Amino acid sequence: AAGVIQSPRHLIKEKRETATLKCYPIPRHDTVYWYQQGPGQDPQFLISFYEKMQSDKGSIPDRFSAQQFSDYHSELNMSSLELGDSALYFCASSSGPGLAGGEQYFGPGTRLTVT
Amino acid sequence: GEDVEQSLFLSVREGDSSVINCTYTDSSSTYLYWYKQEPGAGLQLLTYIFSNMDMKQDQRLTVLLNKKDKHLSLRIADTQTGDSAIYFCAERAPGGYNKLIFGAGTRLAVHP
């Protein structure tokens, strides 16, 4: 079965650079979520989109922005990168954002290293 | 407030049962989840339980929910070395948009 696809899988950037992470949800899933997992930490919710509109916002820095496109894929744009942004970034998708969307499937993650 | 707590480490012998515990604080949580993460890998959805259920069984996995005590457990029967991983408990935050609040994760070590 098709899963959530994330690209790139690994990314190395320098401080103050920008990065773009991409997420392709499971086919027919209309909701996308972004999470950040620091080393040895639990995943922290950043932001989510339903039907191309932002549906919820968590602890996402102002330097980050995201959007969902008409084909439901999503991109997380990160600017002025800091060392503390080094983490594993997960995208997850589900069918529907509300009570009907019980199952949330995660992609393999993008490991971002900021030097 | 939203908070999920788990013990950080569990060690079991191969073939024994493992029980991973989790407590959550938001009584309005509708879904509670268990995810597995192997080293360097993504989060694999193992199972989830709806808040109106007490128990859910899926092959070697049994989830028990005590809603009164806000306690969730995951039992893995006949634990194998391939079960060694970090297990995250997560609750679905109330509000209708499905974001997950994770616990710190329990590292399960299975030894012969």
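Above: the structure in question.
Residues numbered from 1 in each chain as written. Chains lettered and ligands numbered in written order. Predicted model: local features only at pLDDT ≥ 70, side-chain atom pairs only at ≥ 80, totals over all residues. Heavy atoms only, no water.

Student: Looking at this model, I keep getting lost on the sheet that holds strand β1 (residues 5-7) of chain A. Mind explaining?
Tutor: Working definition: the strands of a sheet are paired by backbone hydrogen bonds and lie parallel or antiparallel to each other. All names here are of chain A. As summarised here, the arrangement of the 4 strands in space is β1-β3-β8-β7, forming an open sheet in which the pairing is antiparallel. Every interior strand has two partners, whereas the edge strands, β1 and β7 (64-68), have only one. Taking each pair of neighbouring strands and ignoring which way they run, the sheet shows an average axis angle of 15°. Of the strand pairs in this sheet, strand β3 (residues 19-24) and strand β8 (residues 74-78) are connected by 5 bridges, and their pairing is antiparallel. The residue of β8 that forms the bridge with cysteine 23 is serine 74. (Pairing = 2+ DSSP bridges. Helix = DSSP H or I, 4+ residues; strand = E, 2+ residues; numbered from the N terminus. Axes fitted to C-alpha atoms, helices over the stretch in contact; angles between N-to-C directions.)

Student: Would you take a moment to explain the pattern of salt bridges for this structure?
Tutor: Once their charged atoms are close, side chains differing in charge can pair, the charge on each being opposite to the other. All names here are of chain A. Per the counting criterion, the structure on display carries 7 salt bridges over all chains. A salt bridge links glutamate 51 to lysine 52, with the nearest nitrogen and oxygen atoms 3.8 Å apart. Judged by relative accessible area, which is 36%, lysine 52 ranks as partly exposed. Between arginine 63 and aspartate 85 there is a salt bridge, with the nearest N and O atoms lying 2.9 Å from each other. Separated by 22 residues along the polypeptide, arginine 63 in the loop between β6 (53-57) and β7 and aspartate 85 in the loop between β8 and β9 (87-94) bring together distant segments of the chain. Residue classification places aspartate 85 among the buried residues on the basis of a relative accessible area of 5%. Through salt bridges that share partners, Arg63, Glu82 and Asp85 make up one connected network. (Salt bridge = Lys/Arg side-chain N within 4 Å of Asp/Glu carboxyl O. Buried < 20%, exposed > 50% of the residue type's maximum accessible area, 1.4 Å probe, protein only.)

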